[in-house]
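Report on the structure
Chain by chain, the residues run as shown.
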Amino acid sequence: MEIPRKSRWRDSLAWAALALLILVTAAHLLTRPPAMPDYESVRAKWQPSEAWLYDRDGQLLDSERVNFERRRLAWVPLKEISPAVRDAVVQSEDRRFWSHGGVDWLAIASAVRARLTMGRTGDRSRGASTLPMQLAAFLDPSLAQPGKRDWRTKLRQMRAGQALAADWSHEQMLDAYFNLVPLRGEAQGIGAGAQSLFGKKPAELNRTDAALFAGLLPNPAAGAKALGTRACRVAQAKDCTAIRAAAATLVSGEHAARFDPALAPHLAVRLLDKPGKRVTTTIDRRIQTAAIVALRRQLAGLGSDRVRDGAVVVLDNASGEVLAYVGGVGLKSTAAAVDGANARRQAGSTLKPHLYAQVIEHGWLTAASILDDSPVQLDTASGLYVPKNYDHSFKGPVSVRHALASSLNVPAVRALVIDDVQQFRDRLWALGYHGLVEDGEYYGFSLALGSAEVSLVEQANAFRTFANQGRYAPVHFMRGAKPEGARQIVNPAAAFIVGDILADASARTDAFGADSALRLPFWAAAKTGTSKGMRDNWCIGWSDRFTVAVWVGNLEGDSMRAVSGTSGAAPVWRDVMLALHAGSPGKPPAMPVGVEARQIALPGTREPPRREYFLRGTAQSEMAAAPQAARRPRITSPVSGSVYALDPDIPIDRQRLAVIVSGSVAGYRLILDKKPLGDADAGQQILPRPGVHMLTLVDPGDRMIDRVRFTVR
C-alpha cells in the first residue's frame, strides 16, 4: 500500500531534525572549550621568574632569576600600564573590545567575506581573533596548538572567549592579557617586555613604544623591516622614519636593561631560591654602598695584574645583623660569580688572637709574658715543622703583646705548644669556624699560623665575639629574625686584653709602622693576615658598635703580587670603619671585672716599661727571662726528628755531633741507644753511626725527663 505523500514529508522532516540535532550535538561536543579559570585564581597562580632582595628599610637591593622557562616579572596592574599602550593594543587587535561579549561577529563576517573574495592585504589580519579569544589561548595552550588553524580550533577559541567575557570584566581581561602575552625572546608579559625590549617600566612607554609593542603581537619574532611597517600602520603615522629606526633598535636588543640596583648579587644568589620570593634582609643600603665603593676603589688602585677579587662583611655587634655583604665587585675578576664572602680561604695570621685569648684565659701566659722569637724546629708526624716570620727575621725575646700586635709567627707556634692543638681547634669550632672538620692532629702546629680554611662571614663573627666580651651568637640576614641566645666562649677579661693589644698602635709599630691603615682617629682593634703563597689577604677588626671583615685575593687561587697586610685589605677596612663612624667616633670598651692594670718592666727585651693589663691574680711588676737553673731540663740539640748525613770526604772522628742540654742538669745523665753516654752537664759529643738513634735524658733517680729521636745517613 502506498504511503501518503504528507506522511513521507513528516518522516523526512523528523529525520532531518534528528540529523540536525545530532550534528549540533556533535559540533557542540567537538568544539567544547576547556573550562576557563576565574580572574582571581589566575592572578593568584602568577609566578614571576624572578625573586627580589630588599634592604632593612624595604628598598630594593637586587633581584635574581630563579625560573628559566620564561622571563616574567611581577604582575603589572592595568593602571600602571601606559594608556598609549592600552589604546594601541585594543585598536590594533580588537577595536570593538569594550562592546562585544568575547566574539566580534562583525569582524568574523568581514574575515569570511575577505577569504571568500580572496582578499590580500600583505599582512595577515587578526581582526577576527578578539582579545578574550587570545587570552583564552594563553590560559590553555590547547586552544592554539602550533599548526592547528582549523574551524574546530577557532570555534573552541570563540566559545572560550565568550565564557571569559561572561565571567570576567573587560578590565580584568585586558589586565590579564598584558601580563600573559608572550613577547620577543623569552619575555612574557608587559613587565618583562617593557624592560628587555625598551629599557623602561610599563608606565613609561610612549606612543612610539606603544606602536612597536602592538606591532610585535602578531609575530613577536618579526625582523626590523616587518616590525617597522606594522608599527607604522598601528600608529597611522605619515612619516615612519622614527618608528623604523626605533624598530631596528628594538630588534638589536640595545635597550635591554635591569631596574634593580644590583647592590648584593652574591647575597641574592644565597637567599633567593623560589620564584616570586621577596626577602627583606638586615642589610643597610648606605653601609652596603660604602663597602662596595671602598672595595672597588682599592681593587682598581691595586690593579688586576696584582689582585682581582675582594669581599666585605659588616656586622652589628649587639644584634648580629649583617649590615653589609659584598661578595665581589666584578671589575676585571675572572671568577665574578663566586661569592668571596662565603668562600673558604686560608686564614693566615687572623687566627692568632683566638689562640692568645685561650692561653691568657687559662693563665698560662699574660700580655707581658716573654716568648722567644728565635728559630725553632718541631717534630711532627709528617716531619720537622720549622716556622718562620713574615720578614724571615727574628726579634729575640718579645712580650705576648708585641708578638700578637706585630703578628710574629714563631712566638705564636710556641704559644700553641704551651696550649694544645686539639684544644685550639675545639675553640675555633666553638667560635663558628665550622670548616675545621678534622681533629687537631690533622692541622698540627701550623694551625697557629692559619693553615685552616675559613670564610669571611665566619671571620667577622668570631672577631665580633671579642667585641661582645667573649659571648658568641650566630649572625642573621633576615629582618625580624629572632636572634639565638649568646654563649660565653671566651673569658671576658681575656677578650678585653686581646682587644687592647690589637688596638695598640705602638705595639705594632715594628711590623706595620707608626701610621698604618690600621690606625684610626678613634678606638678600634684590628688584625691582618696573609696566607701561604700570598693568595689571601685579610683585615678583620671591631669598634664599639661594628665588626668589619675584609678579604682580598684572587678567587682562582693564583698568588697576589706585591700586596701586604696593610696595602691589601686594610685600606678597605679603614675606609668602611670611617664611613660607619662618621660623626660618631668609636669608644674604647670598659675594663671588665677580672682585669687589673699594673706597671711592668721587661728587662732583657727591647720593650720599655709600660702599663699592662692582667687577669686578676696573674699580675707581675717585672717580666724577665728565667735563670738557667729555673728552666726545665731538656735536650735542645739534636732536635727530635733531625736527619744528619755523613760526609765521606771527612774523617769520621771529625764529624762528632754535640749534645746541648738546657736547664740545671747536675746529676742528670744521657743515654744513647740504651747505653750510657755520660753526665748531661759534661758537654757530651756523639760519634755518629748510620741508623736511627734514641737519645734520652734521665734524672738522678733514673726517671726519663726528655727523649729525642734522630737519624744518621
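Source: prediction; values computed, not measured.

Backbone-to-backbone hydrogen bonds join strands into a sheet, with any given pair of strands oriented parallel or antiparallel. The 5 strands are arranged 20-27-26-23-24 in an open sheet whose pairing can be described as mixed. The open sheet terminates on both sides in strands that have one partner only, identified here as strand 20 (643-644) and strand 24 (675-679). When strand 26 (residues 691-698) meets strand 27 (residues 704-712), the two strands line up antiparallel, connected through 8 bridges. Bridge pairing in strand 27 links Thr696 to Arg707.

Attention now goes to helix 7 (residues 170-180). Counting along an α-helix, one turn takes 3.6 residues, and residues three or four places apart therefore face a common direction. Counting buried positions over the 11 residues of helix 7 gives 8, a clear majority of the element. Within the span of helix 7, buried status applies to Met173, Leu174, Asp175, Ala176, Tyr177, Phe178, Asn179 and Leu180.

Before going further, it helps to spend a moment on the sheet that holds strand 15 (residues 536-542). Read from one edge to the other, the open sheet built from 5 strands follows the order 5-4-16-15-14, with strand pairing classed as antiparallel. Two strands bound the open sheet, and with one partner strand each, they are strand 5 (322-326) and strand 14 (525-530). Strand-to-strand twist across the sheet, computed as the mean angle between neighbouring axes with direction ignored, equals 10°. As defined by bridge partners, strand 4 (residues 309-316) adjoins strand 5 across 4 bridges and the pair is classed as antiparallel. By the bridge assignment, Val313 is partnered in strand 5 with Tyr325.

Before going further, it helps to spend a moment on the packing of aromatic side chains. Considering all chains together, one arrives at 15 aromatic pairs under this definition. Here the aromatic cluster, defined as three or more aromatic residues joined through ring pairs, consists of Tyr39, Trp46, Trp75 and Trp168. Seen from the ring of Trp46, Arg72 lies directly overhead, with NZ or CZ sitting 5.8 Å from the centre. It is Arg278 that lies over the ring of Trp52; its NZ or CZ is 4.5 Å from the centre.

The next point concerns the packing of helix 14 (residues 352-361) against helix 17 (residues 421-430). For any two helices packed against each other, the geometry comes down to the angle between their axes and how far apart the axes lie. Look at helix 14 against helix 17: their axes get within 10 Å of each other, and the N-to-C directions meet at 115°. Of the possible angle classes, the one that applies to helix 14 and helix 17 is roughly perpendicular. Helix 17 is crossed by helix 14, and the crossing has right-handed handedness. Every residue of helix 17 that contacts helix 14 at His354, Leu355, Gln358 and Glu361 is listed here: Gln423, Phe424, Arg427 and Leu428. Among the residues making up the contact of helix 14 with helix 17, the classes are represented as 3 nonpolar, 3 polar and 2 charged.

Low pLDDT means the predicted atomic positions in that stretch should not be read closely. Of the residues in the chain, 89% reach a pLDDT of 70 or more, and the chain-wide mean stands at 88. Within the model, the stretch residues 119-127 combines pLDDT values under 50 with 10 contacts to residues more than four positions away or in other chains.

This part takes up the state of the cysteines. Tallied over the entire structure, the rule returns 1 disulfide. The disulfide partner of Cys232 is Cys240, and the S-S distance across this bridge is 1.4 Å. Residue classification places Cys240 among the buried positions, given a relative accessible area of 13%.

With that settled, the discussion passes to unusual backbone geometry. Backbone phi values are negative for most residues with the exception of glycine, while trans is the configuration of most peptide bonds. The omega torsion of the bond from Ser637 to Pro638 falls at 5°, within 30 degrees of zero and hence cis. Among the secondary structure elements, Pro638 is positioned in the loop between strand 19 (634-637) and strand 20. In this model, Gln236 sits at a positive phi of 55°, which is unusual for a non-glycine residue. Residue Gln236 is classed as exposed on the basis of its relative accessible area of 66%. Of note, the phi angle at Ala262 is positive, near 55°, even though the residue is not glycine. Among the structural elements, Ala262 can be located in the loop between helix 11 (241-252) and helix 12 (265-271).

With that settled, consider the pairing of strand 27. Where strand 20 lies against strand 27, 2 bridges are found, and the strand directions are parallel. In the strand pairing of strand 27, Tyr644 is matched with Val712. Hairpin connection, strand 26 to strand 27: the antiparallel pair is bridged by 5 residues, and Asp702 has positive phi, about 65°.

We now examine the packing of helix 14 against helix 19 (residues 456-467). Close contact between helix 14 and helix 19 brings their axes to 11 Å; oriented N to C, the two are set at 40°. As judged from the angle between their axes, helix 14 and helix 19 are oblique. Once helix 14 is placed against helix 19, the crossing between them reads as left-handed. Within the contact between the two elements, helix 14 uses Pro353, His354 and Ala357 and helix 19 uses Ala462, Phe463 and Phe466. Counted by class, the contact of helix 14 with helix 19 contains 5 nonpolar, 1 polar and no charged residues.

This next bit is on the nonpolar core. Val312, Leu447 and Trp573 are the most contacted members of the largest nonpolar core, which has 114 residues in total. Counting residues per element, this core draws most heavily on helix 20 (residues 492-502), which supplies 8 residues. Beyond its immediate sequence surroundings of up to four residues, Trp573 is in contact with Ala517, Leu518, Leu520, Ala524, Ala525, Ala526, Cys539, Ile540, Gly541, Trp542, Val548 and Val550.

Further remarks concern helix 20. Along helix 20, 10 of the 11 residues are buried, which leaves the element largely enclosed by surrounding structure. For helix 20, the complete set of buried residues consists of Ala493, Ala494, Ala495, Phe496, Ile497, Val498, Gly499, Asp500, Ile501 and Leu502. Where helix 20 begins, the side chain of Asn491 points an oxygen toward the backbone nitrogen of Ala493, at a separation of 2.8 Å.

Cut-off values and rules
Residues numbered from 1 in each chain as written. Predicted model: local features only at pLDDT ≥ 70, side-chain atom pairs only at ≥ 80, totals over all residues. Heavy atoms only, no water. Pairing = 2+ DSSP bridges. Helix = DSSP H or I, 4+ residues; strand = E, 2+ residues; numbered from the N terminus. Buried < 20%, exposed > 50% of the residue type's maximum accessible area, 1.4 Å probe, protein only. Axes fitted to C-alpha atoms, helices over the stretch in contact; angles between N-to-C directions. Phe/Tyr/Trp six-rings, centres within 6.5 Å; stacked < 30°, edge-to-face > 60°. Lys NZ or Arg CZ within 6 Å of the ring centre and 35° of its normal. Parallel < 35°, antiparallel > 145°, perpendicular 65-115°, else oblique. Left-handed = near helix turned anticlockwise from the far one by under 90°. Contact = heavy atoms within 4.5 Å. Nonpolar A, V, L, I, M, F, W, Y, C, P; charged D, E, K, R; others polar. pLDDT = per-residue confidence, 0-100. Disulfide = S-S within 2.5 Å. Core = buried A, V, L, I, M, F, W, Y, C linked by side-chain atoms within 4.5 Å. Polar contact = N/O pair within 3.5 Å; in protein donor to acceptor, adjacent residues only side chain to side chain.

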